[in-house]
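Understanding the architecture of this molecule
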Amino acid sequence: MSTNPVYAWGRDHLLARAHTPDGLVLYAAGERIAAWDCHPNHPVSFTDEGLALFADSRGVGQLVDLWAVAAGGPTTPREVGRQATVLHPDGDRVVARIDPRWPRTGADGVAVHGVVCRRIDDDRVVWAADPTAFGDPRRVFPFGEAVDQAVAEWRRSGWRAPTGSIHEESTELVLAEDGETWALVGTERLVIGRKRRVFADIYWHQWSFYPQNATFDLRRERVYISGSPGVVCFGLDGTVQAGWSGSLPCSPFDHYGEQRTQVPVAICCPVTLFAEQVLIVVKRPDGPMVQAIGTPPLLEVHRFDASTLAWRGRMDELPARRLADSRQALLVLDDAGIAWLPPAAPIVVLPGTDATRRSTAAVVVVGDPLPDRVPHLDGDGYDRAVGDGGPIGPLADATNAERVGLARSLLQELVPDPRFSELLDGWPDSFRPFADAVLAWDDATVALLAEMRHDGWSRVVEGASDAAVDDCVARLREGLAVPEVDQWGRPCLSDATSRRLALLMDVLSPLALQAIADLAEEAPGVGQAATEACLELPAEGPAVPRFVPRALQIIGREDGDGSTPPGMRACAPLAGLDRGVECGKPPVPLLDIPVALLPGDPLAGSKVPVQHVFWANCEACDEPIRDEEVWRVAGAGVQLTGRTEAPDCEGDGEEPGEQTWTLTLEPPRKDRDWKDKLLGQLGGRPPWWQSPAPAVCPDCGRLCFFVAFVHASAVREDMHDVGLYAFQCEDCGVGVTVSQMT
């Protein structure tokens, strides 16, 4: 029990974990049965009997009986006041670390600014301690460095012993299972005590334990401190008994001419005592030194001797997991089983003598894994090793089979991973073999997919079969049949229905587009969602995409390396821009883009053959923050719509600076040369910075076609940091630019 920010509890068939996206969550036999919102910056602690202490959004302590809730009792917690940091094992008391700037005085008149224990039902102090610093705290060199070398380092760095109270430092309060022994753990300091008595005040040099964790072993009268550099075992008197320096054996590799056989690892949670062993969750790189950039770390459980901290190998019964969040909890259950609980990913349970737990989306019993979310493929176009989560190098250098394998691995694990966006933008066809399987997922799994990326995640189903579309439409109709209303009482789509509709809208097959048009007539809210997705709904017939599915990146190079496509210009003068709408200063031209450059040439014959992107840039008026700019083709230039007869603003008098670019259009990729400047995007779907706001033609009312996105300040350094979304109505010859700012 401590103030460390990640906690979990488990007994018999109950499991609870805190600081998840849903707060404190309770599971019974693998099924989620209750959840409580809790403040993410406050600790949560548990007793063996199933009491949980957490803070609500106001920072007020709340007490809930998990066993009673599991038995069908009330779920409303009991308020126990502030400064309730750690729950005492007896469930009747709380222990807190009091900030020295605001000493606490209880009802009995006892003032304390250290560690205080009080009963829940009254304000009287049961015991208190003030572990102020000793005059000369013991200096400890945890991993066996020679004292003379350490002293030389101390003299060179000018190290001095701390002189104030440990309460002036950032520390964690840890309470042992007896409810009386405690520790205050800082990044470079440790104080151990029992009730009012302080046993040891230790300061170490050269190492910083962060995040700092502590685990008591009162049977051996010791405490294990773990953090980024390793683990140190202290006796309660402060003597060093054992240590591990946070490195594991690996295949020999060259490190700047030196052969290394150890690889450094990071420690992810407090050590767990298991019989005569210590279990530690470590974050291990895939390669000798570093893992691929953007790859979620590989986490493993390793065994160590409890007395000597000698390494005993990896715990093979708990398979390695690739998890985006390195915060973890590892529990020993009352049946001698082990539960591995990350904050958000599925819980893994290694059963002991009782193997009756069931598998669900939240709890997985080792040996009874979840069914495959997406199938493995046959044939040469698929790399099964990568599909099983094996290593893969930079995607630009990978084979198509490897990229398809990575698509399967990402969809199977559904762990937020930067490679998901990179693959979806650069090689979206890698997901196509799995489109039918994804379209058939249940609502909970689709919700996990939506967390992989804030927008565009649903494009993984493009090209799904008609049979899969029919099944998706049937599920949608079931969801739409259950009415939903927003806080104002207006009809709306549920989150689950909105996500499934997003999948259907990104299939882009004729059957899917017809189904969207049909659903828009049947249920409110579908039409608005389709419009926001740039799908036009004509009076008759299927929905019409007003975009091209594939995007190209607009790359600028200042050194002139490359050739700009014909007709494409950057920062070139544009006829007709002699002034703004209400401002006397002309808008600044950014890019001229021939629409014939769009993949597939969907705007052939448009009355707007060149999409002009420009924007106001006056510091003296509000014209630069307009939401839209509407213009029409006028000879070799443009004509702004809605201009006042006379400008309301004279302009700021600043002339736009010069900027030249050599432009290229290239497929999306992540690892570009540092000289390449990403100026925007041609085609694809609008990469909205805020809520979707597709343009509508002011003449005919038709949904405009999305042509390009331009980041104004990337093109010209003297522009506002604004995103410009260029649309056009090809029939009316109208261009509309929508602006958004972060």
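The following paragraphs examine the structure supplied in this document. Keep in mind it's a predicted model, so treat the numbers as computed, not measured.

Criteria and cut-off values
Residues numbered from 1 in each chain as written. Predicted model: local features only at pLDDT ≥ 70, side-chain atom pairs only at ≥ 80, totals over all residues. Heavy atoms only, no water. Helix = DSSP H or I, 4+ residues; strand = E, 2+ residues; numbered from the N terminus. Buried < 20%, exposed > 50% of the residue type's maximum accessible area, 1.4 Å probe, protein only. Contact = heavy atoms within 4.5 Å. Areas by Shrake-Rupley, 256 points an atom, 1.4 Å probe, with all protein chains shown as cover. Phe/Tyr/Trp six-rings, centres within 6.5 Å; stacked < 30°, edge-to-face > 60°. Pairing = 2+ DSSP bridges. Axes fitted to C-alpha atoms, helices over the stretch in contact; angles between N-to-C directions. Parallel < 35°, antiparallel > 145°, perpendicular 65-115°, else oblique. Left-handed = near helix turned anticlockwise from the far one by under 90°. Nonpolar A, V, L, I, M, F, W, Y, C, P; charged D, E, K, R; others polar. Salt bridge = Lys/Arg side-chain N within 4 Å of Asp/Glu carboxyl O. Expected span 1.5 Å × (residues − 1). Core = buried A, V, L, I, M, F, W, Y, C linked by side-chain atoms within 4.5 Å. Disulfide = S-S within 2.5 Å. Polar contact = N/O pair within 3.5 Å; in protein donor to acceptor, adjacent residues only side chain to side chain.

Within the chain, the secondary structure is distributed over 12 helices and 48 strands. Going through the 742 residues of the chain one by one, you find that 52% of them count as buried. For the chain, contacts bridging at least 24 residues in sequence account for 57% of all contacts bridging at least 6. Accessible area for the chain stands at about 32,600 Å²; split by element, carbon and sulfur atoms hold 50% of it.

Inspection of every chain in the model, using the stated rule, returns 12 aromatic pairs. Ring centres 6.1 Å apart and planes at 90° place the aromatic pair W9 and W67 in the edge-to-face group. Pair noted here: W9 is in strand β1 (residues 8–11) and W67 is in helix α1 (residues 66–70), with a separation of 58 residues, a long-range link. Residue classification places W9 among the buried positions, given a relative accessible area of 4%. For the pair F420 and F431, a centre-to-centre distance of 5.6 Å together with 65° between the ring planes defines the contact as edge-to-face. Within this pair, whereas F420 is found in helix α5 (residues 418–426), its partner F431 is found in the loop between α5 and α6 (435–439), the two being separated by 11 residues in sequence. Residue classification places F420 among the buried positions, given a relative accessible area of 0%. Owing to a relative accessible area of 0%, F431 belongs among the buried residues under this scheme. By way of ring pairs, the aromatic residues W688, W689, F706, F709, Y725 and F727 are connected into one cluster.

Taken across its six residues, strand β18 (residues 189–194) has five buried, putting it largely inside the fold. Sheet topology note: the strand β17 (residues 181–186)/β18 ladder contains five bridges and is antiparallel. For L184, the partnering residue across the bridge sits in β18 and is V191. Taking the residues that link successive antiparallel strands as the turn, the β17-β18 hairpin has two residues.

Here we come to the pairing of β17. Judged by how many residues are buried, β17 sits mostly within the fold: six of six residues are covered. Covered by surrounding structure in β17 are T181, A183 and V185 together with W182, L184 and G186, the residues of both alternating faces. The pairing of strand β16 (residues 171–175) with β17 spans five bridges and is antiparallel. In the strand pairing of β17, L173 is matched with L184. Taken together, β16 and the strand that follows it, β17, pair antiparallel across an intervening segment of five residues, in which G179 is found at a positive phi of about 80°.

Running from amino to carboxyl end, helix α8 (residues 466–480) crosses helix α10 (residues 510–522) at an angle of 15°, the nearest separation of the two axes being 10 Å. The pairing of α8 with α10 is recorded here as roughly parallel in orientation. α8 and α10 meet at a crossing whose hand is right-handed. In this structure, α8 uses D466, V469, D470, V473, L476, R477 and L480 to contact α10, whose residues at the interface are L511, A512, A515, D518, L519 and E522. Looking at the contact of α8 with α10 residue by residue, the class counts come to eight nonpolar, no polar and five charged.

For the structure on display, the rule yields 40 salt bridges. Linking D443 and R500 is a salt bridge whose minimum nitrogen-to-oxygen distance equals 2.9 Å. Of this pair, D443 sits in helix α7 (residues 443–450) while R500 sits in helix α9 (residues 495–505), placing them 57 residues apart in sequence. On the basis of relative accessible area, D443 is assigned to the partly exposed category, the value being 39%. The salt bridge partner of D676 is R557, with a shortest N-O separation of 2.8 Å. Taken together, the residues D676 in the loop between β44 (662–666) and β45 (677–683) and R557 in strand β38 (residues 551–557) connect sequence positions 119 residues apart. Three or more residues joined by partner-sharing salt bridges are found here, namely E536, R546, R702, E730 and D731.

With mixed pairing, the five strands of this open sheet are ordered in space as β15-β19-β18-β17-β16. If you trace the sheet from one side to the other, it starts and ends with β15 (138–140) and β16, each paired once. Each strand of the sheet is rotated relative to its neighbour by a mean of 20°, with strand direction disregarded.

On to α10. A rise of 1.5 Å per residue sets the reference length of α10, with its 13 residues, at 18 Å; its end C-alpha atoms lie 19 Å apart and thus fit the reference within 8%. Among all positions in α10, only A512, L513, A515, I516, A517 and L519 are buried. Where α10 is buried, its residues contact α8, α9, α11 (526–532), β36 (535–536) and β37 (544–545).

A few words now on the side chain of K585. Note that K585 resides in the loop between β39 (569–570) and β40 (588–594). Taking relative accessible area as the criterion, K585 reaches 11% and is therefore assigned buried. The residues contacting K585, other than those within four sequence positions of it, are R579, G580, N617, C618, G651, D652 and E654.

Let us now look at unusual backbone geometry. With an omega of -5°, the peptide bond running from Y210 to P211 counts as cis. The phi dihedral of L309 is positive, around 60°, even though this residue is not glycine. The topology assignment puts L309 in the loop between β29 (298–305) and β30 (311–314). A positive phi angle is found at C534, which is not glycine, with a value near 65°. Locating C534 in the fold gives a position in the loop between α11 and β36.

A word on the nonpolar core. F420, V438, L439, L449, L504 and F727 are the most contacted members of the largest nonpolar core, which has 68 residues in total. Grouped together as the second largest cluster of nonpolar side chains are 30 residues, V588, L590, L591 and L663 included.

The next subject is the state of the cysteines. For the structure shown, the criterion picks out zero disulfides. Free of any disulfide, C621 has its nearest neighbouring cysteine sulfur in C583, separated by 3.7 Å. You can call C621 partly exposed: its relative accessible area is 22%.

Of all the residues in α5, the buried ones are R419, F420, E422, L423, L424 and G426. At its buried positions, α5 is contacted by β31 (321–322), α4 (400–413) and α7.

With that settled, the discussion passes to the environment of V64. Within the secondary structure, V64 sits in strand β7 (residues 61–65). Remark: the alpha-carbon pair of V64 and T76, spanning 12 residues in sequence, is separated by 7.4 Å. Apart from residues lying up to four places away in sequence, V64 is in contact with L24, W36, G50, L51, A52, F54, V69, T75 and P77.

Here we come to the side chain of N617. With respect to the element layout, N617 can be found in the loop between β41 (610–615) and β42 (628–634). Polar contacts involving the side chain of N617 include one to the main-chain carbonyl oxygen of D718, which spans 2.8 Å. With sequence-adjacent residues up to four places away left out, N617 is seen in contact with K585, V588, P624, D652, D718, M719 and H720.

The next subject is the environment of F253. Positionally, F253 belongs in strand β24 (residues 247–255). Along the backbone, F253 and V263 are 10 residues apart, and their C-alpha atoms lie at a distance of 9.4 Å.

A few words now on the sheet that holds β41. Strand order across the open sheet formed by three strands is β39-β40-β41, with antiparallel pairing between neighbours. One side of each edge strand has no neighbouring strand; the edge strands of this open sheet are β39 and β41. Note: β40 against β41, six bridges, orientation antiparallel. Paired with P594 across the strands is V610, a residue of β41.

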